[in-house]
Structures are given as C-alpha cells and as structure tokens.
Amino acid sequence: MRIILVGFGVVGKSVTTILARRYAEKVKDYGFNPKIVAIADIDGAVINPRGLSPEKLEAIKQRGFPISKDPDFGHPGMSALDVIESVEAEVVIEVTPVNIKNAEPALSHITKAFKTGKHVVTTNKGPLALAMPALTELADYNKVYLRFSGTVGGGTPMLEFAKRCLAGDKILAIRGILNGTTNYILTEMSQNRVTFQEALANAQKLGYAEREPSMDIDGFDTACKVVILANWIMNKKITLKDVDRTGIRDISLQALDEASNSGNTIKLIGSVDGGGRPTVKPTEIPKTDPLCVSGVLNAVTFSTEFAGEQTLVGRGAGGMETASAVLRDLLYIRQHLANKLLT
Ligand SMILES: NC(=O)c1ccc[n+]([C@@H]2O[C@H](COP(=O)([O-])OP(=O)(O)OC[C@H]3O[C@@H](n4cnc5c(N)ncnc54)[C@H](OP(=O)(O)O)[C@@H]3O)[C@@H](O)[C@H]2O)c1
C-alpha cells in the first residue's frame, strides 16, 4: 500500500514510528505492506516512489531544517495539493492542524485525494465537523474510503466499538467526556480545590492545554466529536452549527462543592440522542456513574435498546495512541480492498 503522509508533526511522526515498529507482524498477519512514498508539510515535500526513510527525515527536522531540504528526495515549496495530485499512491493520511473556521487546509487535501481516487485516513476533526455529510457522500461517489478513528477517543476505539460491536443493537443515545483537557481542569478543581484559572495554568504547564485554549475549554473540540459520533453512529446529517455548546469557563469551586454535597460532580458532557439538538455542556453526574473518569481520561456511554449501557474508557489523545488508530484504519482499508468490499 503506497501512502502519502500530509503533516509531519506529533501524529505524523508517530504514524511513521508505528508503521516501522509493527511492519513485520502486520505483513505476516494481514499481508499489509505499507510504503510511505511522499511526505508533505507546510514547507514542501519529500518524494520517493521506492519508499522514504522517516528516521532520516526526523533527523533533518531535529537539526532545525524542513524535511523538504532532504538532498536526495526533497521538493522545497511543493504543496501538499500538488503532491496528492501528482504522486501515485493508494492512501493519503491527513494529519495537519485542526481548523474549525473553514477546515482548511485539510478539506482541500481530502477532496483532492478523493478526486484522484485515493482513500483517506485522517485524525483531523475540522473537515468532519464542518462537512461530514458532504464528505462521506463525496467518498462514496468516488468509490474510496474515508476513515477517521483517531478523531474521537485517540487510540480508544469508540467509533468502531459502537459501529461494529454494537451493530446488532440500536444505539438510542450517546453521552461522553470527550476532551481530556477540560476533564483534567475539572478534576483538578474538584480534587485539589484550585480555581479554574489555576487549573488551566497547570494544564498548560503540563502540555495538556494550548496557549490559546478556547478550542478545548469553550467546548468546540467536544462539539466536533459529537458531530462525528452523531453522523457515524446515529446516521444524523449534522455539522458543528447544529450543536448547542457551553464550555467550562464559568464553573466555580462553589458549584463543584454543591454538586459534591449531593454525591455528584460536574463534567463537560457531549451528548446526542434520537430527539433534540446535540449538546455540549457542563453537567452534574453521580460520582458513581461509570462515565465519571478523572484526569485526562475520556469515556463514552452508549445507551442501547437491548444491551443496556456500555461504557468505554481510555486515553483520548497522544501521538502514539492516535497513530494506533491510523494503523487500525489502514488495516481496515487493506482488508476491505483485499475482499473487494466498499462499505
Ligand atoms: N496530537 C494528538 O494527540 C492528537 C490526537 C487526536 C487528533 N489529533 C489531530 O491530528 C492532527 C495533527 O495533530 P498533531 O498533534 O500532529 O499536529 P502538529 O504537531 O501541529 O502537526 C501538524 C503538521 O501539519 C503540517 N502542516 C501545517 N499546515 C500544512 C499545510 N498547509 N500543508 C501540509 N502540512 C501542513 C505542519 O507542518 P510544520 O511543522 O512545518 O508547521 C506539521 O507537520 C490535528 O488535526 C489534531 O487535532 C491530534
């Protein structure tokens, strides 16, 4: 399988690491033989149809140079769009930064991949949050796969669990703690009695929160994940603007104390069910609720017609965790291509 990797940051580098580490066993178990033939980032690209050496590229990057400075295969200034258009490959892995204003550059990368007959694996929530119904339709139209396991739950297979393991049941509602940063902040506030601002500063110091934290603390990240869950699991045709969203900026220690006195705590919960609008909002839940996980953990509960409530808990982010979801998606595509299925 020839792969174009677009983005060589935390996730992109982890993808190359996991492909190298798992190479022998996946070739043996699945006949899966991945070859990265091009990598594009913001400065340019490296291309070798015989396969690239990611270690060499990482070394170039560590010395402070763009990977496109590779003396043998570098193409400084070449855009990812040109790479996708001109390089022969079966799959594009799109792992550029998220953008929820217009989903670019990822949206253009993904649509270009579809139009040139390439399957796409992405961990980028932006294009899905803003245009998931249109993108899945475009993928179907071009007879290619669009897979995005790493967008919800990092390496924890929340999307597959619901889609495949619960396929015999009907999912009536989904609610989850889908953002590790806000969960860390709320956990710090309730367990260590620090203010929102102090907890946010700690999260930033530990690298859990960005310097510009709005995406997390105002609930946008959770809302993107609710959109993906709602479309993929509950077949709703919605985008980000359809989600009612409230973040955690106004949560006070007093509110957490009051909740605690009734055996509850406050979590940022994203939810969607068969009826009303999907929502993201701080919600009081019992401390005994299986959803009530602490720190940066994520958790999601699927309420089903026959099997009752099923809760999945795991680490919702991290380079290698998310790369494991990318590998899962590549294996899915490999198996379905081998069986000539397009589902
Ligand atoms: N990190 C996680 O734990 C995690 C978990 C789940 C999902 N995600 C999602 O996965 C995606 C990647 O995350 P990340 O942490 O790897 O981000 P990152 O470290 O910021 O890496 C992004 C990469 O994309 C490149 N890039 C930026 N603009 C580009 C363009 N126009 N064309 C080509 N390449 C471009 C950057 O190049 P330069 O370095 O040259 O700027 C960089 O190599 C994001 O959408 C993120 O939300 C991340």
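Residues numbered from 1 in each chain as written. Predicted model: local features only at pLDDT ≥ 70, side-chain atom pairs only at ≥ 80, totals over all residues.

Student: For this particular structure, what's the right way to read the overall build of the protein?
Tutor: When you go through the protein residue by residue, the secondary structure sums to twelve helices and 13 strands. Its C-alpha atoms give the protein a radius of gyration of 21 Å, near enough to 20 Å, the size a compact globule of 343 residues would have. Classification of the 343 residues of the protein by burial places 48% in the buried group. Residue pairs at least 24 apart in sequence account for 70% of intrachain contacts in the protein once pairs closer than 6 positions are excluded. (Helix = DSSP H or I, 4+ residues; strand = E, 2+ residues; numbered from the N terminus. Rg over C-alpha atoms; globule rule 2.2 N^0.38 Å. Buried ≥ 20, exposed ≤ 12 C-beta atoms within 10 Å, placed from the backbone. Contact = placed C-beta atoms within 7 Å.)

Student: So what exactly am I meant to see when it comes to the domain arrangement of the protein here?
Tutor: How big an interface is tends to be stated in terms of accessible area lost as the parts join. Partitioning the protein into domains gives domain 1 (2–155 + 320–338) and domain 2 (168–313). Placing a centre on the C-alpha atoms of domain 1 and another on those of domain 2 gives a separation of 29 Å. Taken residue by residue, the interface counts twelve residues in domain 1 and twelve residues in domain 2. For the side of domain 1 that touches domain 2, the class distribution of residues is nine nonpolar, two polar and one charged. (Domains from an automatic or database assignment. Nonpolar A, V, L, I, M, F, W, Y, C, P; charged D, E, K, R; others polar.)

Student: Would you mind showing me how to read the packing of helix 5 (residues 125–141) against helix 10 (residues 220–234) here?
Tutor: The geometry of a pair of packed helices is captured by two quantities: the angle between their axes and the separation between those axes. Where helix 5 contacts helix 10, the two axes come as close as 9 Å, and the packing angle between them is 45°. Relative to helix 10, the element helix 5 lies oblique. In the packing of helix 5 onto helix 10, the handedness of the crossing is left-handed. For the pair formed by helix 5 and helix 10, the contact residues are K125, L128, A129, M132 and P133 on the first element and C224, K225, V227, I228 and N231 on the second. Here the contact of helix 5 with helix 10 is built from residues that sort into seven nonpolar, one polar and two charged. (Axes fitted to C-alpha atoms, helices over the stretch in contact; angles between N-to-C directions. Parallel < 35°, antiparallel > 145°, perpendicular 65-115°, else oblique. Left-handed = near helix turned anticlockwise from the far one by under 90°.)

Student: Just to check I follow, could you spell out helix 12 (residues 319–338) for this structure?
Tutor: An α-helical segment advances 3.6 residues per turn. Residues three or four places apart therefore align on the same side. In this model helix 12 runs 28 Å from its N-terminal to its C-terminal C-alpha over 20 residues, within 8% of the 28 Å that 1.5 Å per residue would give. Buried within helix 12 we find T322, A323, S324, A325, V326, L327, D329, L330, I333 and R334. If you follow the buried residues of helix 12, they end up packed against helix 1 (10–30), strand 5 (91–94), strand 6 (119–122) and strand 7 (146–147). Once helix 12 ends, the next one or two residues include K340, with phi positive near 55°. (Expected span 1.5 Å × (residues − 1).)

Student: When you look at the sheet that holds strand 12 (residues 297–304) in this model, what are you seeing that I'm missing?
Tutor: In a beta sheet, neighbouring strands are held together by backbone hydrogen bonds and run either parallel or antiparallel to one another. On the basis of which strands lie adjacent, the open sheet formed by six strands has the order 9-11-10-8-12-13 and mixed pairing. The outermost strands of the open sheet, each flanked by one partner alone, are strand 9 (244–245) and strand 13 (309–315). Bridging between strand 9 and strand 11 (residues 279–286) involves two bridges; their strand directions are parallel. Each bridged residue has a counterpart across the sheet, and for D244 the counterpart in strand 11 is T279. Running over the sheet, helix 7 (residues 180–192) touches strand 8 (171–177), strand 10 (264–273) and strand 12 and is turned about 155° from strand 10. (Pairing = 2+ DSSP bridges.)

Student: Teacher, can you tell me more about unusual backbone geometry here?
Tutor: The linkage connecting E104 with the following residue, P105, adopts the cis geometry, with an omega of 5°. A positive phi angle is found at A103, which is not glycine, with a value near 70°. Relative to the elements of secondary structure, A103 occurs in the loop between strand 5 and helix 4 (106–115). At R193, a residue that is not glycine, the phi angle is positive and equals roughly 50°. Looking at the element boundaries, R193 is found in the loop between helix 7 and helix 8 (196–205).

Student: Sorry if this is basic, but what is going on with the sheet that holds strand 2 (residues 35–41) here?
Tutor: Pairing in this open sheet of seven strands is mixed, and the strands run 4-3-2-1-5-6-7 from one edge to the other. Two strands bound the open sheet, and with one partner strand each, they are strand 4 (74–76) and strand 7. Note that strand 1 (residues 2–6) and strand 2 share five bridges and pair parallel. Bridging across to strand 2, L5 finds its partner in I39. Lying on the sheet, helix 12 is in contact with strand 5, strand 6 and strand 7; it crosses strand 6 at an angle near 160°.

Student: Looking at this structure, I do not really get the environment of E188. What am I missing?
Tutor: Considering the arrangement of structural elements, one finds E188 in helix 7. A C-alpha to C-alpha distance of 8.9 Å links E188 and S294, two positions 106 residues apart in sequence. Beyond its immediate sequence surroundings of up to four residues, E188 is in contact with V194, A199 and N202.

Student: What is the right way to look at the site of the ligand in this model?
Tutor: Around the ligand, the surrounding shell holds 26 residues, and the nearest of these are G7, G9, V10, V11 and N124. When contributions to the shell around the ligand are tallied by element, the ones reaching two or more residues are helix 1, strand 2 and helix 12. Looking at the shell around the ligand element by element, the count peaks at three residues for helix 1. Looking at the shell around the ligand, its residues break down into twelve nonpolar, eleven polar and three charged. (Near = placed C-beta within 6 Å.)

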